[in-house]
Amino acid sequence: MRYRLITLLAPVLLALLLGSGATANASSGAASGTASCGSYADKIPTSRNRSQVRMATLCLVNRERMKRGRVKLRRNRTLEGVAARYTKRMIAEEFFDHVSPDGSTLADRVKRTSYIRGTLKRWSLGENIAWGTGHLSTPRSIVAGWMKSSGHRDNILRRGFREAGFGVIAAVPDSSVGGRAATFTNVFGARVHR
């Protein structure tokens, strides 16, 4: 079985990535064609709207892909579970990285599921993570930040990816940060069966 693991090894805090351009980017959604992703694209995640925020984030990621001639990613519940569990873990253990403190990687996390089992010829994975506070924690701001970072952008636009799962939690992996905030994990995947 051949596989390709695509993961970003140098995470960047979204707030640093976006800088002062976040407000302009968030307010220009209608002009850029992303308004149809619904009102949750501009909502700060809470425990009550998490499902709608995940779907808005997928919609925004797919908008970026479609603008560049890529196929839409399908929601995959297994990848969503991987993303959600890892997001919770980063918050609980107060770390922010693609490799956990015990050394487990994205491939390790996905191998614990059925996603890459069976008669696969090859598979590939990728992961984007981000967190933000206030208006920087909306799906629109998170996706805009990812698109401004070459590694994150490459994952979003990678032609081979076909599926995605999102973990979104209304908290951040730094207990000293107050106010409304959220952490996002986007796991990408592709499987080719024999």
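Refer to the structure above for everything that follows.
Criteria and cut-off values
- Residues numbered from 1 in each chain as written.
- Predicted model: local features only at pLDDT ≥ 70, side-chain atom pairs only at ≥ 80, totals over all residues.
- Heavy atoms only, no water.
- Helix = DSSP H or I, 4+ residues; strand = E, 2+ residues; numbered from the N terminus.
- Contact = heavy atoms within 4.5 Å.
- Areas by Shrake-Rupley, 256 points an atom, 1.4 Å probe, with all protein chains shown as cover.
- Buried < 20%, exposed > 50% of the residue type's maximum accessible area, 1.4 Å probe, protein only.
- Pairing = 2+ DSSP bridges.
- Phe/Tyr/Trp six-rings, centres within 6.5 Å; stacked < 30°, edge-to-face > 60°.
- Lys NZ or Arg CZ within 6 Å of the ring centre and 35° of its normal.
- Axes fitted to C-alpha atoms, helices over the stretch in contact; angles between N-to-C directions.
- Parallel < 35°, antiparallel > 145°, perpendicular 65-115°, else oblique.
- Nonpolar A, V, L, I, M, F, W, Y, C, P; charged D, E, K, R; others polar.
- Core = buried A, V, L, I, M, F, W, Y, C linked by side-chain atoms within 4.5 Å.

A. Region of the structure containing the overall build of the protein. In terms of regular secondary structure, the protein is built from 8 helices and 5 strands. Listing the helices and strands of the protein from first to last along the sequence gives β-α-α-α-α-β-α-α-β-α-α-β-β. Residue pairs in contact within the protein that sit at least 24 positions apart in sequence constitute 74% of those at least 6 positions apart. A total accessible area of about 9000 Å² is found for the protein, and carbon and sulfur atoms account for 50% of it.

B. Highlighting the pairing of strand β4 (residues 163-169). Of all 7 residues in β4, 7 are buried; the element is thus mostly enclosed. Burial along β4 is two-sided: the residues Glu163, Gly165, Gly167 and Ile169 and Ala164, Phe166 and Val168 are all buried. As defined by bridge partners, strand β2 (residues 74-75) adjoins β4 across 2 bridges and the pair is classed as parallel. For Arg74, the partnering residue across the bridge sits in β4 and is Glu163. One ladder, built from 7 bridges, connects β4 with strand β5 (residues 181-193); its direction is antiparallel. Counterpart to Gly165 in the pairing with β5 is Val187.

C. Region of interest: helix α8 (residues 150-157). Of all the residues in α8, the buried ones are Gly151, His152, Asn155, Ile156 and Leu157. As for α8, its buried residues are in contact with α4 (50-67), β3 (120-133), α7 (139-147) and β5.

D. Quick look at the packing of aromatic side chains. Evaluation of the coordinates by the stated rule reveals 2 aromatic pairs. The interplanar angle of 15° and the centroid separation of 5.3 Å between the aromatic rings of Phe161 and Phe188 together place this pair among those described as stacked. A residue pair is termed long-range when its members are at least 10 positions apart, and Phe161 in the loop between α8 and β4 and Phe188 in strand β5 qualify at 27 residues. Side by side, Phe161 and Phe188 carry an identical accessibility label, which is buried. For the cation-ring pair, Arg109 lies above Tyr86, with the distance from its terminal atom to the ring centre recorded as 3.5 Å.

E. Just the side chain of Thr138, in detail. Of note, Thr138 is situated in the loop between β3 and α7. The contacts of Thr138, once residues within four sequence positions are left out, are Ala41, Asp42, Lys43, Ile44 and Phe184.

F. Here's a closer look at the packing of α4 against α8. One way to put it is that α4 packs onto α8 with a least axis distance of 9 Å and a crossing angle of 80°. With respect to each other, α4 and α8 are oriented roughly perpendicular. Each of Val61, Glu64 and Arg65 in α4 lies in contact with α8, whose residues at this interface are Asn155, Ile156 and Leu157. Residue composition of the contact of α4 with α8, grouped by class: 3 nonpolar, 1 polar and 2 charged.

G. The arrangement of the environment of Ser51 in detail. Its location among the elements puts Ser51 in helix α4. Judged by its relative accessible area of 38%, Ser51 is partly exposed. C-alpha separation for the pair Ser51 and Phe166, spaced 115 residues apart in sequence, amounts to 9.5 Å.

H. A look at the environment of Val99. Within the secondary structure, Val99 sits in the loop between α5 (77-93) and α6 (106-111). Those residues in contact with Val99, other than ones at most four positions away along the chain, are Tyr86, Ser104 and Thr105.

I. Quick look at α7. Within α7, 9 of the 9 residues are buried, which leaves it mostly tucked inside the rest of the structure. Burial in α7 covers these residues: Pro139, Arg140, Ser141, Ile142, Val143, Ala144, Gly145, Trp146 and Met147.

J. Spotlight on the nonpolar core. By size, the foremost hydrophobic cluster in this structure holds 23 residues, and its most contacted members are Val61, Leu73, Trp146, Ile156 and Phe184. Counting only elements with at least two residues in this core, the list comes to α4, α7, α8, β4 and β5. The next biggest cluster of nonpolar side chains, apart from the first, holds 12 residues, and it includes Val110, Leu120, Trp123 and Leu125.

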